[in-house]
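Residue strings, one per chain:
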Amino acid sequence: MTSVLTVHGSRSVLERADGRVSTLELEHDGDAPDVVDGMVAGMLPAVMRVGGTLQVRGAMTRGAVRNLTEYAEAWASWDPDRFHRIRIEAATVVDGRRAASDHTAIVAWSGGLRSAHTLVRHLDGLVPAPFTVRAVLHVAGFAPDVTLPAFDVPSIVVRTNAVAAGLVDPEIGVLPIVAAALHAVGAGCTVGLHARRWLFTAQQRYPRPEPVLPDLLCGDGFVVRADGGTTSPPRMLADVRRHPALAAAIVAPTRGAFRDPIAAADAEATLADWPGGPGRRRLSTRVALDRAVTDARDTLRWLGSATHLRRPWPR
């Protein structure tokens, strides 16, 4: 099976092996990159649903071919019923690119607390060796749509049709599209930062939220890096409040159930940073109950795998 991706500037057309045709648009001011690494990253989940070979009518860096192949391999291993391994064949493979950084970055902002904190912790130097933020990127076209408040650094808006075109994978999410937008605008940087959407402790729960991948949505000339994963929601909010306009623009997330590992990890971290009050007591009770249920389930899962009654654990 062979899928074909053709890129024309800020527009790419994917002819999938199953006969469907999809178009991804990333509208922005400025010229498109001379390699199509980002566009391939944005279309990758759609190709992974089909599998086979992806023929790219354009130039890719050799690192992007390697990284995106490994990205598909990881998701196929994680969920083989939905995703498939792919082979990427680019019309031109570019060697010799090096993402030499002057320690500046473009930061993706979605309107959520985590992306706001990623922006603030580098703007305000709240992390060791912070990047100098050269620009802030907002990808418009996702729901809910928000407006980026004014900053001392330039803001860039990329508009996409990804939702309407059905190119936001329900399991993988928007990250490949955001990565494609970071590649597309660059802002004179070789590094693009996005917020990690979960605390690291979420990975200690079953089922884990998603594969823990290296930063693979990048090529040799531009790298995409995840930021965060160690700070509790109360601490993030306290840091973001240093910038009132940014704090006021935060969109509250939909409340997750405790069976969601991300929500459960956030609840435990929130409890640790909450000084007291009736709300804390209620949360403490819920966290204690969740821990007891989780311990019982993990024990049963371990016993089941040890006796060959269940598949190997953990996953």
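Scroll up to find the structure.
Keep in mind the model is a prediction, meaning the values are calculated, not measured.

Scoring rules and cut-offs
Residues numbered from 1 in each chain as written. Predicted model: local features only at pLDDT ≥ 70, side-chain atom pairs only at ≥ 80, totals over all residues. Heavy atoms only, no water. Helix = DSSP H or I, 4+ residues; strand = E, 2+ residues; numbered from the N terminus. Buried < 20%, exposed > 50% of the residue type's maximum accessible area, 1.4 Å probe, protein only. Salt bridge = Lys/Arg side-chain N within 4 Å of Asp/Glu carboxyl O.

1. Structural notes on unusual backbone geometry
Trans is the prevailing form of peptide bonds, just as negative phi is the prevailing case for residues other than glycine.
Moving on, step 1. Following Tyr206, the chain continues to Pro207 via a peptide bond in cis, the omega torsion being -5°.
Moving on, step 2. Assignment of secondary structure puts Pro207 in the loop between strand 9 (191–195) and strand 10 (223–227).
Moving on, step 3. Non-glycine residue Ala129 carries a positive phi angle of around 50°.
Moving on, step 4. By secondary structure assignment, the location of Ala129 is in the loop between helix 3 (113–123) and strand 7 (132–140).
Moving on, step 5. Under the relative-accessibility criterion, Ala129 is labelled exposed at 58%.
Moving on, step 6. Residues other than glycine seldom take positive phi values, yet Ala187 does so here, at roughly 60°.
Moving on, step 7. By the secondary structure assignment, Ala187 is in the loop between helix 4 (175–185) and strand 9.

2. Let's talk about the pattern of salt bridges
Moving on, step 1. A complete count under the given rule lists 18 salt bridges for this structure.
Moving on, step 2. Salt-bridge contacts for Glu25 lead to Arg11; the nearest nitrogen and oxygen are separated by 3.8 Å. A residue pair is termed long-range when its members are at least 10 positions apart, and Glu25 in strand 3 (residues 21–27) and Arg11 in strand 2 (residues 11–15) qualify at 14 residues.
Moving on, step 3. On the basis of relative accessibility, which here comes to 25%, the residue Glu25 falls in the partly exposed class.
Moving on, step 4. The exposure class of Arg11 is partly exposed, given its relative accessible area of 37%.
Moving on, step 5. Of the charged contacts, one joins Arg85 and Glu73 as a salt bridge, the two residues approaching to 2.8 Å between their closest N and O atoms. With Arg85 in the loop between helix 2 (62–78) and strand 5 (86–94) and Glu73 in helix 2, the pair connects residues that are 12 residues apart, well separated along the chain.
Moving on, step 6. Judged by its relative accessible area of 48%, Arg85 falls in the partly exposed class.

Taken by themselves, the reported measurements are silent on function.
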